[in-house]
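As a plain string of letters, each chain reads:
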Amino acid sequence: MSILGNRVLRREDPKFLTVGGTYVADLDLPGSLYLSFVRSSMAHARIAAVDVSGAQAMTGVIGVYTNEDLGLARLPAIMGMTNAAMTPTVLASEIVRYVGEPIVAIVAETREIAADAMERVVVEYDPLSVVIDPVEARKDEVLLFPQAGTNTAFALDFGGDESLFDDCEVVVEQDLTNQRVAPCPLEVRSVAGLMTGDGRLEFHASTQAPHGVRDTLASSLGIEPDMVHVVTPDVGGGFGAKASVYPEEIVVGWCAQRLGRPIRWTETRSESMLGLGHGRGQVQHVKIGGTRDGIVKAYRIEVLQDSGAYPGIGAVLPFMTRVMTSGPYKIPRAECASISVVTNSTPTTAYRGAGRPEATAAIERAMDLFAREIAMDPAELRRRNLIDKEEFPYTTPVETVYDIGDYHLALELALEVAGYDDLRSEQERRRASGDVRQLGIGLSCYVEITNGMPNGEFGAVEVRPDGKVIVRTGTSPHGQGHVTAWSMLVAEQMGIPIEDIEVIHGDTDIVPRGAGTMGSRSLQAGGAAVNQAAVDVVEKAKDLAADLLEADRDDIVLDKSSGRFHVVGTPALARSWADLAKAAVAKDGNPLFAEVDLASPGPTFPFGTHISVVEVDTETGKVTLLRHIAVDDAGKILNPLLAEGQVHGGIAQGVAQALLEEVVYDLDGNPLTSTLADYSFISAAELPSFETRFTETPTPVNALGAKGIGESGTIGATPAVHNAVCDAVAHLGVRHIDMPTTPMRVWGAIQEVGIAAGTATERR
Amino acid sequence: MQIDMTVNGTFESDDVEARTLLVHFLRDAVGLTGTNVGCDTSSCGACTVLLNGQSVKSCTVLAAQASGEQVTTIEGLARPTGEMHPVQRSFRECHGLQCGYCTPGMVMAVTSLLAENSEPTEEEIRIGLEGNLCRCTGYHNIVAAALAASVNPELRT
Amino acid sequence: MIPAKFDYVRAGSLDEAIALLVEHGDDAKLLAGGHSLLPLMKLRLAQPALLVDIGPLRELSYVKEENGYVALGALTRHHDIATSPVALAGSPVLAHVAGQIGDPQVRHRGTIGGSIAHGDPASDLPAVLLALGGTLVAQGPNGRREIDAKDFFLSFFEVALSPEEVLVEVRVPFAPGGQWGFEKLTKRAQDWAIVGAVAARTPTGVGVALINMGPVPLRSGAVEAAVASGASAAQAAELAAEGTAPLADFNGSVAYREQVARVLVRRALERAGV
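Residues numbered from 1 in each chain as written. Chains lettered and ligands numbered in written order. Predicted model: local features only at pLDDT ≥ 70, side-chain atom pairs only at ≥ 80, totals over all residues.

1. Some thoughts on the overall build of chain A
Thought 1: Looking only at helices and strands, chain A features 20 helices and 28 strands.
Thought 2: Against the compact-globule benchmark of 27 Å for 764 residues, chain A has a radius of gyration of 28 Å, which places it among compact chains.
Thought 3: Viewed in the frame of its principal axes, chain A has a C-alpha envelope of about 90 × 75 × 50 Å.
Thought 4: Within chain A, the fraction of its 764 residues that count as buried is 59%.
Thought 5: Of the contacts made within chain A by residues no fewer than 6 positions apart, 80% connect residues no fewer than 24 positions apart. (Helix = DSSP H or I, 4+ residues; strand = E, 2+ residues; numbered from the N terminus. Rg over C-alpha atoms; globule rule 2.2 N^0.38 Å. Buried ≥ 20, exposed ≤ 12 C-beta atoms within 10 Å, placed from the backbone. Contact = placed C-beta atoms within 7 Å.)

Below, the structure written as structure tokens:
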């Protein structure tokens, strides 16, 4: 009986549930010193003076460092793609460009002294003009980098076809904001560095990409990568924001090299809200056109991406937005162009979906607006435009090739689970009776790209002399359950119980290379690599068994139920994995193992339909999410328990963006949502239990038939909830409300319509 | 100042600064790192422990305030036999954790909630967990775990 | 996250606590449940030199009915009020609101005295006290005194206690079966109120008060007068914004808060049987 496809409980759990995980801050590193940072309180200023003498004089302060002390090169431009004149120094030097930018590093004997010493550093600023709104930044009036002469960090200059909408009977346009949010993993950034006896830097990091950390530290500190050993303990969430290396982490490495003791840095949450990369941050303009009977012919999205003060991954994510421009629809003509600008705010980075939620949110809102314009049911409009299952592989107008899908199946299943017709009836009833609490129903049909980067992945399987297995993977799980999932794959191939399979990840000495975990790539890249290594080990084992059993290689079978190899027809004469492992060593001194560097088989395109049901209190604008239905297709599902968990978590973050969460700055660039008390991190009380289903359309792209599932929940959920809120008050004349649809925004939208229609009094 | 308390049934004592938060006392002085710090505004609940059987945010209690009292952390929840507490077991069976960072606080909060309300509705559980934030699970399976534990007869033993 | 250094002393008695306040003046702050003070100290927005912990004075934790009042010791925790049979029967609105403060962990530690003495206009309990026409009892070096709730809240985080006084008791009318309504608008369940309204029938009429509509919790005199003269809930609620001075922020403009106040007051009045 196959273990694949089963709801196997996680092997990781007993530890987490009884003694808790071991995160960087939990590590026992005797003799540790503690690092704290003094950060800019100004959004844009020249640093006039920095007086560190008060901090230096404190008992227990070991060192106080500015950028000049570090002597390190500026950080490189992202993937060589962004404006090279906009790269940051490791610590701020001369100019600070966002509130929270680190200026001074303090190393002290205790965490408490490090915190106390921060207050003794005096920074004097000469304020400069601030630009927060990307629309303003685009005007290039207030420049963050005068030497660049512009605030534009990156641009995708596609489209501009003036005739795109020529044959469209109906054309609808809308401005949208896909607002800046904060990833907020429960564990903030946390690293520790120490020099080991062999002169190497041992670096413990809460990261999604240990090998990336190794390589970035090496190049920043001017040492060879093999002089850096990165160890990743348990990681308390990442969501994309821990997929890159932050300047503070480089400072930890620098201090470790010089101070002869372990250096630890764990930020506070308030620091994290300013210093950990933010997500999203697009101002969009969409235009959609088609026939009056609901065939969409053309679509354009123009993106203005907020990069924050220094362009990083966030600045280039419109590339991914563009890849998914036309969504799951067979729109014949579509364009996406983007400009990424810098603003005096926290740099933006990848955050669950990384460019694709923005694409889906835009086109799904456009579809609803188009449906409204032609007075068509939004589900029907989608039904008429979804790519048919026979049309795959499907090349979109932006040259993305979707692998396989059955988009109509997902739509119909979602409508059925939701009881769509009954919902519309209930909505009608409440509208007719003028109920204070109106019902809104929102749809989102999505397709997204996973494993979109060309990296392959490393996987290795080794059988120990006792017959147990060691698996090494280049992925870097932080909650996804790879230990369970990869051991399922290996157990399936080798007939060894999962309890006897150890999975190692995150240690760059033990795992020589890997791309880490992000972009929903791990199963199809990393799992596939481990799977292949297991397949290869089985083949090698058969060779050994043939020798031992003095039989033909082709007559050897592996009985997976017992994990024993025998000659076909004579099961009593068998050899165990332990026997073969010992035989391998006896033969040539090498263990029974296989290592695979699996080239990426290419991206895959999970898809689905989400339906959201909300209730809007039209007197206060408060929105309550009543139900959320999610039908997702990620190809062959390896472990439905884990896959559902990913969908649930994704939905919560998607709902959060639609209803609640927003990073807010005032016009002087002061952050107003810099603690978890002010930032509306969604809680259990705001959410219902979700109604989730999977359809399975296996992909031909990889051997597992699997697509990624990690970001689908978020991508599908946000537009469904957003559309539902707009739908709830559409009959009052409201056309659009920007996210997050906070009570005040919803109420304000209702008021505006009422005032315009003369049915409400504007109150002063 | 000298602080002592009973943690998971064991007497613990240490000389710490008055400003030492209970969560830091537990993690650093007692060495129980299961309880985590997730924020600095008493918002996230990752630090939840039981103080005299009631859930509290250990980041918002001074060690000095807990001196002389009984504290239970995640490490002290399992039965004396080592068998997991029904709430711990439910979390596993329902896949109520992913990265695990919120989990100790979440488990302690659910344990306290069920001690005060033995037959909670789903809504009561959700509102009862408003002080415990999770980013990974979307709460769906956490709520399922709490409901499952609430009907487990072993919870009363 | 780490508070500035301070000295800590556990008061062995109320008199000892008062003596310490007299001795140390502004350098000393009382510590009860700590859920108003410690969050401020962890962000270093408050840096008292001395904390006087009165939390262990459990003799100041009680809920009892006497002389037509429900008398609550200032150190009674929100959870204990919410589950107290005396409170549930004698002042159900108070018991209900205490059971909604923050989250369960906060309610296991926070005290009614600490919450009220903190003077935050966004807190729920002060408005309840105003609507009920409650009384505060303070003890200082010169003895005990009673302060009407309407005279207690002076300004933003400023209450009518001298630095040497300890709030020891809170009194609300004993009103079993009294109708009441409590409406709060928040973005998330655990958030402070954007706006809140409480309406409660007391022996003297219907008391109405607002949360977060000014620098202090506000009694809605205009609404109360309208109700007393026979207006309907809707009519009376139209006056809810009178005399208020809400601050605008990204959660609510002034116009929005005023309108929400009208809506919530109307709903609270309806629940209170108006």
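2. Some words on the overall build of chain C
Thought 1: When helices and strands are tallied, chain C shows eleven helices and 14 strands.
Thought 2: Here the C-alpha atoms of chain C give a radius of gyration of 18 Å, agreeing with the 19 Å that 2.2 N^0.38 yields for 274 residues.
Thought 3: Viewed in the frame of its principal axes, chain C has a C-alpha envelope of about 55 × 45 × 30 Å.
Thought 4: For chain C, the residues scored as buried account for 58% of the 274 residues in total.
Thought 5: The contacts in chain C between residues at least 6 apart in sequence include a share of 62% that link residues at least 24 apart.

3. Comments concerning the interface of chain A and chain B
Thought 1: Residue-level contacts link 43 residues of chain A with 44 residues of chain B.
Thought 2: Mapped by element, the contributors of at least two residues to the side of chain A that touches chain B are helix 1 (13–18), helix 8 (269–275) and helix 18 (640–659) of chain A.
Thought 3: In terms of residue count, helix 18 of chain A provides more of the side of chain A that touches chain B than any other element does, six residues in total.
Thought 4: For the side of chain A that touches chain B, the residue count by class is 21 nonpolar, 15 polar and seven charged. (Nonpolar A, V, L, I, M, F, W, Y, C, P; charged D, E, K, R; others polar.)

4. A few points about the pairing of strand 6 (residues 135–140) of chain C
Residues and elements named next belong to chain C.
Thought 1: In this structure, strand 6 lies alongside strand 7 (residues 143–148), joined through six bridges in antiparallel fashion. Bridged to A138 within strand 7 is R145.
Thought 2: Between strand 6 and strand 7, which follow one another and run antiparallel, lie two residues.
Thought 3: As defined by bridge partners, strand 6 adjoins strand 10 (residues 166–173) across five bridges and the pair is classed as antiparallel. (Pairing = 2+ DSSP bridges.)

5. Section: the sheet that holds strand 11 (residues 180–185) of chain C
All names here are of chain C.
Thought 1: Pairing within the open sheet is antiparallel, and its four strands lie in the order 11-12-13-14. What marks the edges here is a single partner per strand, and that holds for strand 11 and strand 14 (218–219).
Thought 2: Here strand 11 runs beside strand 12 (residues 195–202); their pairing, made up of six bridges, is antiparallel. For E183, the partnering residue across the bridge sits in strand 12 and is A197.
Thought 3: Where helix 11 (residues 254–271) meets the sheet, its contacts fall on strand 11, strand 12 and strand 13 (205–211), and the angle it forms with strand 12 comes to roughly 30°. (Axes fitted to C-alpha atoms, helices over the stretch in contact; angles between N-to-C directions.)

6. So, the sheet that holds strand 1 (residues 7–10) of chain C
What holds strands together in a sheet is hydrogen bonding between their backbones, with the strands either parallel or antiparallel.
Residues and elements named next belong to chain C.
Thought 1: The sheet built from three strands is open, its strands ordered 1-3-2 with parallel pairing. Edge positions in the sheet fall to strand 1 and strand 2 (28–31), since each has one partner strand and no second. Averaged over all adjacent pairs, the angle separating strand axes in this sheet is 25°, with direction ignored.
Thought 2: Judged from the four bridges that link them, strand 1 and strand 3 (residues 50–53) form a sheet pairing that is parallel. Looking at strand 3, one finds that Y8 is bridged to L51.

7. Quick notes on the domain arrangement of chain C
Residue and element names in this part refer to chain C.
Thought 1: Taken as a whole, chain C is organised into domain 1 (7–53), domain 2 (58–173) and domain 3 (181–271).
Thought 2: Opposite the 13 residues of domain 1 that make contact, domain 2 presents 17 residues.
Thought 3: Of the residues forming the side of domain 1 that touches domain 2, the biggest block, five residues, is contributed by helix 1 (residues 14–24).
Thought 4: Looking at side-chain class alone, the side of domain 1 that touches domain 2 contains seven nonpolar, five polar and one charged residues. (Domains from an automatic or database assignment.)

8. A look at the interface of chain A and chain C
Thought 1: Taken together, the contact pairs 20 residues of chain A with 17 residues of chain C.
Thought 2: Looking at the side of chain A that touches chain C, the elements that each hand over two or more residues are helix 4 (111–118) and helix 20 (743–756) of chain A.
Thought 3: Grouping the constituent residues of the side of chain A that touches chain C by class yields eight nonpolar, five polar and seven charged.

9. Topic: the environment of L185 of chain C
Thought 1: In this fold, L185 of chain C is placed in strand 11.
Thought 2: For L185 of chain C, a count of 27 C-beta atoms within 10 Å gives the class buried.
Thought 3: Discounting chain neighbours no more than four positions away, the residues touching L185 of chain C are T620, K622 and P743 of chain A together with A193, I194, V195, V260 and L264 of chain C.

10. A look at the environment of A515 of chain A
Residue and element names in this part refer to chain A.
Thought 1: For A515, the location among the structural elements is in the loop between strand 21 (501–504) and helix 16 (522–548).
Thought 2: C-beta crowding within 10 Å serves as the criterion here: with 26 such atoms nearby, A515 is assigned to the buried category.
Thought 3: Excluding its chain neighbours within four sequence positions, the residues that come into contact with A515 are A209, N455, E457 and G474.

11. Some details on helix 20 of chain A
Because an α-helix packs 3.6 residues into every turn, residues spaced three or four apart end up facing the same way.
Thought 1: Taking 1.5 Å as the rise per residue, helix 20 of chain A with 14 residues should run 20 Å; its terminal C-alpha atoms sit 20 Å apart, in good agreement.
Thought 2: Within the sequence span of helix 20 of chain A, burial applies to P743, M744, V746, W747, A749 and I750 of chain A.
Thought 3: For helix 20 of chain A, the secondary structure elements touched by its buried residues are strand 26 (607–617), strand 27 (623–633) and helix 19 (712–728) of chain A together with strand 11 and helix 11 of chain C. (Expected span 1.5 Å × (residues − 1).)

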